[in-house]
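Below, each chain spelled out in residue letters.
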Amino acid sequence: MTRLHFLPRRLRSLAAGLCLVPGLLAPAAHAADAAGIHFDSADPMFSQPYIDTDEWRDTPVRHRYVHGGFTGTDTRFSFYLPPKEQYAGRFFQYITPVPDSENLSQGRTGEEDKIGFSIDSGAYFIETNGGGKFGAATPGAQIDPTIGAYRANAAAAQYSRAVAQAMYGGKRPYGYAFGGSGGAFRTIGGVENTEGVWDGAVPFVAGSPMAIPNVFTIRTYAMRVLGDKLADVADAVDAGSNLDPFTDIGLDEEQRAALLEATRMGFPLKGWHAWDHLGLHAFALLFPAVVAMDPSYFIQFWSEPGYEGTDPGASLARATIDFTTSIEKLVDVDDAQAMGLEIGHQAGRGHGLADDAWKAMRAKAGGKLPVAIKLAGVPKQSTLGADLSVASGDAAGSPLPMVRVQDDMVLLLPGNDEVLAKLKVGDKVHFDNRNFLAVQTYHRHQVPGPEYSVWDQFRDADGKPIYPQRPMILGPIFAKGASGTIQSGDFKGKMILLENLYDTEAFPWQADWYRDRVKEHLGDTMDDNFRLWFTDHANHGDYTQQRDPLHTISYLGVLQQALRDVSAWVEKGVVPPANTDYKVVDGQVVVPEHAARRHGIQPVVHLTANGAARAEVKPGESVQLEAVIELPAGTGKVVSAAWDLDGKGEFPLPGELTYSEDGNAHVMLEHAYNGAGTWFPTLRVASQREGDAKTPFARIQNLGRVRVVVH
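Cut-offs applied
Residues numbered from 1 in each chain as written. Predicted model: local features only at pLDDT ≥ 70, side-chain atom pairs only at ≥ 80, totals over all residues. Heavy atoms only, no water. Pairing = 2+ DSSP bridges. Helix = DSSP H or I, 4+ residues; strand = E, 2+ residues; numbered from the N terminus. Phe/Tyr/Trp six-rings, centres within 6.5 Å; stacked < 30°, edge-to-face > 60°. Buried < 20%, exposed > 50% of the residue type's maximum accessible area, 1.4 Å probe, protein only. Lys NZ or Arg CZ within 6 Å of the ring centre and 35° of its normal. Core = buried A, V, L, I, M, F, W, Y, C linked by side-chain atoms within 4.5 Å.

A. Up close: the sheet that holds strand β29 (residues 699-705). Spatial strand order, β24-β23-β28-β29: 4 strands in an open sheet with antiparallel pairing. Since the sheet does not close on itself, it has two edges, and those belong to β24 (653-654) and β29, each with one partner.

B. Broad picture of the packing of aromatic side chains. Applying the stated criterion to the full structure yields 36 aromatic pairs. Aromatic side chains Phe 70 and Phe 77 sit 5.7 Å apart centroid to centroid with 65° between the ring planes, which places their arrangement in the edge-to-face category. The pair Phe 70 / Phe 77 is uniform in exposure class, with both members buried. Ring centres of Trp 455 and Trp 509 lie 6.5 Å apart, and the angle between their planes is 90°; this geometry places the pair in the edge-to-face category. In this pair, Trp 455 is assigned in the loop between α15 (434-439) and α16 (475-483) and Trp 509 in helix α17 (residues 509-522), connecting sequence segments 54 residues apart. Judged on exposure class, the residue Trp 455 and its partner Trp 509 are both buried. A connected cluster of aromatic rings, assembled from ring pairs, spans Phe 39, Phe 46, Phe 70, Phe 77, Phe 79 and Tyr 159. Looking at Arg 57, its charged tip hangs above the ring of Tyr 65, at a distance of 3.7 Å from the centre. One residue, Arg 684, lies across the ring of Phe 651, its end atom 4.1 Å from the ring centre.

C. Region of the structure containing unusual backbone geometry. A cis amide bond, omega 0°, links Thr 59 with the succeeding residue Pro 60. Inspection of the secondary structure puts Pro 60 in the loop between β3 (49-57) and β4 (63-70). The peptide bond linking Ile 212 to Pro 213 adopts the cis configuration, its omega dihedral lying at 0°. With phi around 55°, Asn 610 is a residue other than glycine that occupies positive phi space. As for its position among the elements, Asn 610 is in the loop between β20 (604-609) and β21 (614-617).

D. Fine view of the pairing of strand β12 (residues 387-390). Only one face of β12 is buried: it carries Leu 388 and Val 390, and the other face, with Asp 387 and Ser 389, is open. One ladder, built from 4 bridges, connects β12 with strand β15 (residues 428-432); its direction is antiparallel. Along β15, the bridge assignment pairs Val 390 with Val 429.

E. The nonpolar core, seen in detail. Counting 103 residues, the largest nonpolar core has Tyr 159, Trp 272, Trp 455, Tyr 514 and Phe 530 as the members making the most contacts within it. Broken down by element, this core gets its largest block of residues, 11 residues, from helix α4 (residues 145-168). If you look at the next biggest cluster of nonpolar residues, it comprises 33 residues, including Ala 123, Ala 506, Val 558 and Phe 697.

It is worth stressing that arrangement in space is one thing and function is another; only the former is reported here.
Okay, structure coming up:
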């Protein structure tokens, strides 16, 4: 019998109607048989699973690998099942930011090993390609967004239960979904739009329906206006500073206003430590979609009152590019490698290595098409986000998408073969960044409802927008493409939502926005089903190796502990640690100083240099470094501490931990700097719920940082 309660909610009424017509539902509801495994599908699209690989593997740990898909679809799945003696009746399912590979987690090691972590937690692990080519429902695409948002993942989850029960016997396995960034949209969309599929979820670094494109537009706006002053902003908000970034670092009126606008929109002030490597990131793919969805904006910005382009500030005038130059050399893949051009990783594209990307281009083009062009000149302004087009020759009028400008070279985006084949030395090309400059204040013209308080700065005393508004608000359209519906806060089961205080792409206040939606639906029972934990010193990316480990830590341990906690909550009624205590002040999420009041699960490091956040000493004079490490109640034990004293971010010196009766850990060190300058001694610590110092999993990190001025 078809189990309609497993259907996505929006499909139930359709299925119920089909049941009234003899024969119509039968093909979707029949008992599919793959490798002798009985499976009743409730979703008409995913009624016929198949298995094409079923084998035992020993890497990263012993497990049974099952790979397959669903006939008539592009959906593929991978299941990683532990030996029976290690199985505890559950699965963890990773939901990728966008539909990706079902083998994405293979080859990961240490803390990043999702397969090993799942099996270590008594779970089998699931990964899918999110529907494959039918999963990417970008705005304008003729694709049902529910496929990639949750239906493909839900079908794989349900079929995995049939495979697991055939292998292990016993009752229905519990299931838990987790995903970050776009995967958080899709994880939330899944639990809000299905029943009986997942029993709990851990979305992380989640955005709101107003995240896209606005978190990127305000960031790029502040980057452009503040320019080199961002280094001073970063220093002013760093440890041991005695400067106010708004008043004490010499910002002009336009710069001060831009910093205030970005701060009130929720960009974390301490996130500016990363100012020198904040690029377009995912906005490289989203920006063209904004242009396509609202093309008239990019004309009106420069021509109608109320838009900054009609009365440009000094920085906008200086940044505008309208520049024509000529091609001096067509650079093929062999030339590019010989010249040391690095292709790097391109946003939204494959995850292969750079060398693999070069090989792929050589194979496709026989090494003949250019992968870069050398120009007679380049604009003096930043070309971030600029458009490049061909202005003369056989390809005149064609866009020429680029990865980046490096000196007098332009690295070209692959996949534009017809245009690349027409390029010749001497052809003119034109740089124009006016669309990109216009989009930087798009958020001012996208004012949503009053529940989005960070937009209050763009409302008058009566609550009406002070800037002209566009005919439609784009954020919810993007959000619906990711999650299938707009996040409502209405879900079944348990959820632990994770957000990071240094996140420069999913601003922290958005977790509070979702918590309010949950409160609307669950009311006084919210704490029985929902937790929100903020992680300090953590940015957006879910990887171990940090680009700036002196400022940020890996939050993978928090994610792993949350998965273990949500499963214990569902299966055994073990109540997880309390919500992080916080408040939102002018767009910034502020948490208490001490762990006993902050709650959550992260240790808090109080590091001092000679008893303060800043010490000024002479060369060779000893500095007394002392740390008190506090833990929220019931969250384990501090198991490691390591020092970085020279600013290399390697943390080579172990810290000697001692413990006091109050449960706090302590680390002390005496150190002298012989050279004049400013130093930032940093201590990185980790706690572990069971006090296991050897496991790579569920290690909850934080760091402390002080300033030592030697003169």
